[in-house]
Amino acid sequence: MRKIFITILVFFISCEKKEVGYNEKFRPQFHFSPKLGWMNDPNGMFYINGDYHLFYQYYPDDNVWGPMHWGHAVSKDLIHWKNEPIAIYPDGNNYIFSGSAIVDQENKSGLGNGVNPPILAYYTNHDMLLERFWNGSKDSLFIDVETQHLAYSQDLGKTWVKYNNNPVIKNPGYRDYRDPKVTWLKEQEKWIISLAARDRIMFYSSKNLIEWEYLSDFKNIGERNGVWECPDLFPLIDENGNKKWILFVSINKNSPNGGSGTQYFIGDFDGESFKIDDNFLGDNNSIWIDYGSDNYAGVTWNNTPNNFKSRKFIGWMSNWRYGQVVPTFKWRSAMTIPRNISLYLDEEKRYRIKFNPISLEKIVSKSNSSHNKKNKIKISGNQNRFFISDISSNEFDIKFSNNEEDLSIKFSSNTFEIDRSNFNYKSINPDPKRTYKKEIFENSFIKNQTAKYNSEVKSIEIILDKSSIELFINDGELVMTDVFFYNNEFQLMELSGLNDFKIEEQTLNSIW
Ligand code: FRU
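Before going into details, it helps to say that this report is about the structure given with it.

Conventions we followed
- Residues numbered from 1 in each chain as written.
- Predicted model: local features only at pLDDT ≥ 70, side-chain atom pairs only at ≥ 80, totals over all residues.
- Heavy atoms only, no water.
- Helix = DSSP H or I, 4+ residues; strand = E, 2+ residues; numbered from the N terminus.
- Rg over C-alpha atoms; globule rule 2.2 N^0.38 Å.
- Buried < 20%, exposed > 50% of the residue type's maximum accessible area, 1.4 Å probe, protein only.
- Contact = heavy atoms within 4.5 Å.
- Salt bridge = Lys/Arg side-chain N within 4 Å of Asp/Glu carboxyl O.
- Near = heavy atom within 4 Å.
- Polar contact = N/O pair within 3.5 Å; in protein donor to acceptor, adjacent residues only side chain to side chain.
- Areas by Shrake-Rupley, 256 points an atom, 1.4 Å probe, with all protein chains shown as cover.
- Core = buried A, V, L, I, M, F, W, Y, C linked by side-chain atoms within 4.5 Å.
- Pairing = 2+ DSSP bridges.
- Phe/Tyr/Trp six-rings, centres within 6.5 Å; stacked < 30°, edge-to-face > 60°.
- Lys NZ or Arg CZ within 6 Å of the ring centre and 35° of its normal.

**Regarding the overall build of the chain**
Of the regular secondary structure elements, the chain holds 3 helices and 33 strands. Here the C-alpha atoms of the chain give a radius of gyration of 23 Å, agreeing with the 24 Å that 2.2 N^0.38 yields for 512 residues. Viewed in the frame of its principal axes, the chain has a C-alpha envelope of about 70 × 65 × 45 Å. In the chain, which comprises 512 residues, the proportion classed as buried is 60%. Intrachain contacts of the chain at a sequence separation of at least 6 include 64% that bridge at least 24 residues.

As structure tokens, then:
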């Protein structure tokens, strides 16, 4: 009897896994993606008592953008994720847009219960009704389309209550006024909020986390042909103990390879305003955290140990240009692999940051290292990590293919190029429910992704997970992240022009 019961139980559990499982075609196997429904930006990330909390823009009822919630997942190692109940729900017309969270260790806000430090989440309340009535004017009655709200948790992030005196920051007259990111300013013992307001970042400060005072604007610089979103401001210390402030600014279009992308600036923050280093931009209009197409709205974890040396980052592995038409149905989009950010001085003595993926050692199922001349490697399953080192060539080509399709990474004339156009996109239906999107989907992946890289290439790390590829060049000095969609998984990796080199190949386990 017991045996029958267990068999029936196992049957139902496996049916459930199939129905909402993590094994659909294109579903990354070791990247975070929502079980069901639509996801965009990562939100409110903080660390406490061994847990990394990740929240995200979430619409559980469809596979396209809709009334925004904050979804929630927790991880002990940034690799394995446990889905938690939805953290914050929209209220009628009030959608819960992006934002950040902090641990109020000393209960400065007074929102604690005396047992745990309260966790405070600041987010943009986006009022869809006001959006409809807003007439384009700064002084309109309806300008409060976007205001900054607070929600708090007294049980270390599990459940959340909306603060009853919202908004904590009113709208000074911008239709786009969103994505508050909170940072602790140790020297002055105050909190800073960075907010994106159309073409500028606005800074606010507070000592009690409830009353916020306007400080300054950062503007007239970088790529501004689009709407600025999702800022992040944080300090980092380099190997020599020098401290700099980093400011991330996402922009919804006109990134180097098209669509949405994230630029960054390095300089100093004196508690009032952010000033970028004179030599930071050089001849460039802007510097980007990723030169692929699929890393957007990424920000860093608050409250992690040793975060002056290295900060943990995660981004939305998609692009607003086509994110809503990619051919996954029950769920849409994944996050990038979490990355450690560190500060360094480049050959021209300009501060730059590098991004390195967190170690995936825990999920390696097979590993193989070989010294040079292995130019053809059989692969299967699209779940791999490759680390190529001792490269001594300035022109090479790495190709992943199946019988009919391929993706290639080329380096020549100091330029990296990812070509993801050689898939039979026409034969892949982007969404049976929405056939009119077919054309957008088919045309989205035609253009190659390019990135100038003037230094000598020594190593390349490649992370391949079903429909995503992430490249980390020279210890993360240049990063490219892209999604692609195939009929069949890869069978072969071919390397040409690399001369002598070493390659470590690993097959990775699914985390689901
Ligand atoms: C960025 C963004 C944010 C906004 C959120 C809405 O992708 O547009 O500016 O808060 O998405 O979902």
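**A few points about the pattern of salt bridges**
Tallied over the full model, the rule gives 36 salt bridges. A salt bridge links aspartate 51 to lysine 76, with the nearest nitrogen and oxygen atoms 2.6 Å apart. Here aspartate 51, found in strand β2 (residues 51-59), pairs with lysine 76, found in the loop between β3 (69-75) and β4 (82-88); they are 25 residues apart in sequence, far enough to count as distant. Notably, a salt bridge pairs arginine 178 with glutamate 146, separated by 3.2 Å at the nearest N-O pair. With arginine 178 in strand β9 (residues 178-185) and glutamate 146 in strand β7 (residues 146-153), this residue pair connects regions lying 32 residues apart in the sequence. Overall, the relative accessible area of 9% leaves arginine 178 in the buried class.

**Brief notes about the site of the ligand**
In the region of the ligand, the neighbouring residues are Asn40, Asp41, Gln57, Trp65, Met68, Phe97, Ser98, Arg178, Asp179, Glu229, Tyr296 and Trp320. Within the side chain of aspartate 179, an N or O atom sits 2.6 Å from an oxygen atom of the ligand. For the ligand, an oxygen atom lies 2.8 Å from a polar atom in the side chain of tryptophan 320. Contact with the protein chains hides 95% of the accessible area of the ligand, taken as 320 Å² for the molecule alone.

**Some points on the nonpolar core**
Residues Phe400, Phe416 and Ile462 are the most contacted members of the largest nonpolar core, which totals 108 residues. A total of 6 residues in this core trace back to one element, the largest contributor, which is strand β14 (residues 243-251). Filtering out sequence-adjacent residues up to four positions away, phenylalanine 400 remains in contact with Ile379, Phe386, Glu405, Asp406, Leu407, Ile409, Ile462, Leu464, Ile469, Phe490, Leu492 and Met493.

**A few points about the pairing of strand β11 (residues 200-206)**
Consecutive side chains along a regular strand alternate between the two faces of the sheet. Counting buried positions along β11 gives 7 out of 7 residues, so the element sits mostly inside the fold. Strand direction decides the pairing type here: strand β10 (residues 190-197) and β11, joined by 7 bridges, are antiparallel. Opposite alanine 197, over in β11, you have arginine 200 as the bridge partner. Note that β11 and strand β12 (residues 213-218) share 5 bridges and pair antiparallel. Bridge assignment links phenylalanine 203 to a residue of β12, and that residue is serine 216.

**Some words on the sheet that holds β2**
Within a sheet, each strand pairs with its neighbour through backbone hydrogen bonds, oriented either parallel or antiparallel. Spatially, the 5 strands line up as an open sheet ordered β4-β3-β2-β1-β19, and their pairing is mixed. Across the chains shown, the open sheet's two edge strands, defined by having one partner strand only, are β4 and β19 (331-332). As paired elements, β2 and β3 share 7 bridges and run antiparallel to each other. By the bridge assignment for β3, tyrosine 52 is matched with serine 75.

**Some words on the sheet that holds strand β6 (residues 119-127)**
Taken together, 4 strands build an open sheet; the order of strands is β5-β6-β7-β8 and the sheet is antiparallel. Strand pairing shows two members of the sheet lacking a second neighbour, β5 (94-103) and β8 (161-162), which therefore form its edges. As defined by bridge partners, β6 adjoins β7 across 8 bridges and the pair is classed as antiparallel. Across the sheet, residue tyrosine 123 finds its bridge partner in β7, namely histidine 149.

**Some words on the packing of aromatic side chains**
One pass over the structure, following the stated rule, counts 52 aromatic pairs. Look at tryptophan 228 and phenylalanine 265: their rings are 6.4 Å apart centre to centre, the planes differ by 40°, and that puts the pair in the tilted class. Of this pair, tryptophan 228 sits in strand β13 (residues 228-237) while phenylalanine 265 is found in strand β15 (residues 261-269), placing the two residues 37 residues apart along the sequence. A residue is classified by how much of its surface remains accessible, and phenylalanine 265, at 1% relative accessible area, is buried. Aromatic rings pair up to connect Phe26, Tyr322, Phe386, Phe400, Phe423, Tyr425, Phe441, Phe445, Phe484, Phe485, Tyr486 and Phe490 into one cluster. Above the plane of the ring of tyrosine 174 lies lysine 138, whose end atom (NZ or CZ) is 4.6 Å from the centre. Over the ring of tyrosine 344 we find lysine 354, and its NZ or CZ is 5.0 Å from the ring centre.

**Remarks on the side chain of glutamate 24**
By the element assignment, glutamate 24 lies in the loop between α1 (2-19) and β1 (37-48). Assessed through its relative accessible area of 17%, glutamate 24 is described here as buried. Within the structure, glutamate 24 has its side chain in polar contact with the side chain of arginine 27 (distance 2.9 Å). Once you skip the residues sitting within four places of it in the chain, glutamate 24 turns out to touch Lys330 and Trp331.

**Describing the environment of phenylalanine 46**
By the element assignment, phenylalanine 46 lies in strand β1. The spatial distance from the C-alpha of phenylalanine 46 to the C-alpha of lysine 275 is 27 Å, given a sequence separation of 229 residues. If sequence neighbours within four positions are ignored, phenylalanine 46 has contacts with Asp51, Tyr52, His53, Phe55, Ala101, Val103, Ile119, Leu156, Gly157, Trp160, Trp301 and Asn302.

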